[in-house]
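# Examining the three-dimensional arrangement
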Amino acid sequence: MPLRSKLLLVVLDGLPWRNWKPFMGNLEGWVQSGEARKWLMRSVLPSTSACCYASIHTGVSPQVHGVTSNEFRHRVVQPDIFSEVARAGGRSGAVTHSYWSEFFQRHPFDPVRDIEYDEPEGPIHHGRFHTMSGYNHTNQMTPSDVDLFATLTRLTEVKSIDYGILHTCTVDSMGHRYGQDCVEMDNALYALDASLAGFLPRWRKAGYEVIVTADHGQTVRGHHGGHDDEMQDVALYYFGDGKGEGGDTPLDQLQLAPTILARLGVPVPPTMKAKPFLS
């Protein structure tokens, strides 16, 4: 039985709240035109990538799912978006860093076995992953964002996925290398916004709701992980017909998983206790 709707989640790693409005002109333009809505969202703690990834998809805190750093990873046991979409008869796809495969499909990640797979039983039915192996300060090892967007688009058009996630580390890597306040970052954000703009209308025309957000923020010096607005606060843009109230209180990152399942028409498991922000 088909799901009620289709949805794509785009996670731009390490993009702090203060840099969305001045640099993401296409996203801001769609808000001004009424085609999108925007919220402030606050990440879990620690505001570290792996911790946030696991929380984004399970709706529980790192203290519950147990992924408390990038270095200590495992297959999470809590229900997540992939598992519940599969349980409801839907099909999912992931174009992400390999950590997502480790958390939600199998651990450890085998680059030969897991770099690309199509598995009818899921929970991730169509996986396309990158590892960034060899990443360091002088070599970012990040794939082209255009290639990632194109890969997700292919999954929507060839594999007919109901739910898809795309995750890119470009901004986070640039921030760790140069910091957030520099010409290099200005140009990277402009290029990312322009790349996304080339694909988002195509996704919408194909009937997908779209959420664009980040896992965490980053300081001017390129750090995150702690309890600080710069490290935790990100923007969230929503393209779709769901209804949701704005307000001065930031959204909780734990609301993301139950909101996505609710929009898809998939039952929300009891482990996801945060209230959906879209109806």
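Nothing here was measured: the structure is a model prediction, and the numbers come from that model. (Residues numbered from 1 in each chain as written. Predicted model: local features only at pLDDT ≥ 70, side-chain atom pairs only at ≥ 80, totals over all residues. Heavy atoms only, no water.)

The next thing to look at is the nonpolar core. Among the nonpolar cores identified, the biggest contains 77 residues, and W20, L27, Y163, W203 and V212 are the most heavily contacted of them. When near neighbours in sequence (up to four residues on either side) are disregarded, Y163 contacts L7, L9, H57, I81, F82, V85, R91, S92, G93, I260 and L264. (Core = buried A, V, L, I, M, F, W, Y, C linked by side-chain atoms within 4.5 Å. Buried < 20%, exposed > 50% of the residue type's maximum accessible area, 1.4 Å probe, protein only. Contact = heavy atoms within 4.5 Å.)

Quick look at helix 8 (residues 145-158) now. Taking 1.5 Å of rise per residue, the 14 residues of helix 8 would be expected to cover 20 Å, and the 20 Å separating its terminal C-alpha atoms lies within 8% of that figure. Turning to helix 8, its buried residues number three or more, namely D145, L148, F149, L152, T153, L155 and T156. Looking straight down helix 8, one finds that the buried residues subtend no more than 155° of arc, so they occupy a single side. One side-chain oxygen at the N-terminal end of helix 8 lies 3.2 Å from the backbone nitrogen of V146; it belongs to S144. The positive-phi residue at the C-terminal boundary of helix 8 is S160, with phi of around 55°. (Helix = DSSP H or I, 4+ residues; strand = E, 2+ residues; numbered from the N terminus. Expected span 1.5 Å × (residues − 1). Arc of directions from axis to C-beta. Polar contact = N/O pair within 3.5 Å; in protein donor to acceptor, adjacent residues only side chain to side chain.)

The next subject is the packing of helix 8 against helix 10 (residues 183-197). Running from N to C, helix 8 and helix 10 point in directions that differ by 20°, and their axes come no closer than 10 Å. On the basis of their axis angle, the class for helix 8 and helix 10 is roughly parallel. Of the two elements, helix 8 crosses helix 10, and the hand of that crossing is right-handed. Taking contact as the criterion, the partners of D145, V146 and F149 in helix 8 are, on helix 10, L192, S195 and L196. (Axes fitted to C-alpha atoms, helices over the stretch in contact; angles between N-to-C directions. Parallel < 35°, antiparallel > 145°, perpendicular 65-115°, else oblique. Left-handed = near helix turned anticlockwise from the far one by under 90°.)

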